[in-house]
Amino acid sequence: MAEDCIFCKIINGDFNTEFVYETDKLVVFKDINPKAPIHLLLVPKMHVESLNELDDKELLGDLMMGVKEVTKKIGLKSYRTQINTGKEAGQEVFHLHIHILGK
Ligand code: 5GP
Ligand code: ZN
């Protein structure tokens with residue numbers, strides 16, 4: 001858990017955020033400012049600032065498998081995924097997350 005990290009606080013349950021999906025490694029919750037009818041954020045429980053700081057191949061696999069698992073759970077067959085890495089690419093929250101966007 002990193003201090004002053006909004007996603008660490010969400011994972012910690014500080015805001016009573018509803019999790020659409022959860023495993024021991026990751027959580028999925030709705031984006032507060034959705035850019036599509038379905039807009040979820042898949043977030044590792046471990047604080048990693050961005051994809052550039054992630055060296056754990058197993059966790060990377062778990063995150064991508066998590067995308068498959070949560071979309072299957074909610075019956076979303078067609079969706080886009082997005083990872084913003086770095087300020088110039090539009091990353092605003094520096095705790096790695098995968099956007100899942102669908103209709
Ligand atoms: P980024 O631009 O870093 O890739 O995406 C950050 C995303 O997190 C944005 O789409 C933004 O709407 C979302 N977000 C920021 N703060 C919160 C929050 O407190 N709760 C939730 N559910 N989403 C948030
Ligand atoms: Zn964090």
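Heads up: these notes are all about the structure in this document. The structure presented is a predicted model; accordingly, all values stated were derived computationally and were not measured.

### Here's the deal with the overall build of the protein
Then comes step 1: If you tally the helices and strands in the protein, you get two helices and five strands.
Then comes step 2: In the protein, the order of α-helices and β-strands from amino to carboxyl end is α-β-β-β-α-β-β.
Then comes step 3: With respect to the principal axes defined by its C-alpha atoms, the protein has extents near 35 × 30 × 25 Å.
Then comes step 4: Expressed as a percentage of the 103 residues in the protein, the buried residues total 38%.
Then comes step 5: Sequence-distant contacts, at least 24 apart, represent 52% of the contacts inside the protein between residues at least 6 apart.
Then comes step 6: Total accessible area on the protein is roughly 6600 Å²; 50% of this is exposed by carbon and sulfur atoms.

### What to know about the site of ligand 1
Then comes step 1: Lining the immediate surroundings of ligand 1 are 17 residues, of which D31, G90, E92, H97 and H99 lie closest.
Then comes step 2: Between ligand 1 and K30, the relevant distance is 2.8 Å, taken from a nitrogen atom to a main-chain nitrogen or oxygen of the residue.
Then comes step 3: The contact in question runs from an oxygen atom of ligand 1 to an N or O atom on the side chain of H97, over 2.8 Å.
Then comes step 4: Bound to the protein, ligand 1 loses 86% of the 520 Å² it would expose on its own.
Then comes step 5: Going through the elements one at a time, α1 (6-11) and β2 (26-30) are the ones with two or more residues in the shell around ligand 1.

Definitions and limits used
- Residues numbered from 1 in each chain as written.
- Chains lettered and ligands numbered in written order.
- Predicted model: local features only at pLDDT ≥ 70, side-chain atom pairs only at ≥ 80, totals over all residues.
- Heavy atoms only, no water.
- Helix = DSSP H or I, 4+ residues; strand = E, 2+ residues; numbered from the N terminus.
- Buried < 20%, exposed > 50% of the residue type's maximum accessible area, 1.4 Å probe, protein only.
- Contact = heavy atoms within 4.5 Å.
- Areas by Shrake-Rupley, 256 points an atom, 1.4 Å probe, with all protein chains shown as cover.
- Near = heavy atom within 4 Å.
- Polar contact = N/O pair within 3.5 Å; in protein donor to acceptor, adjacent residues only side chain to side chain.

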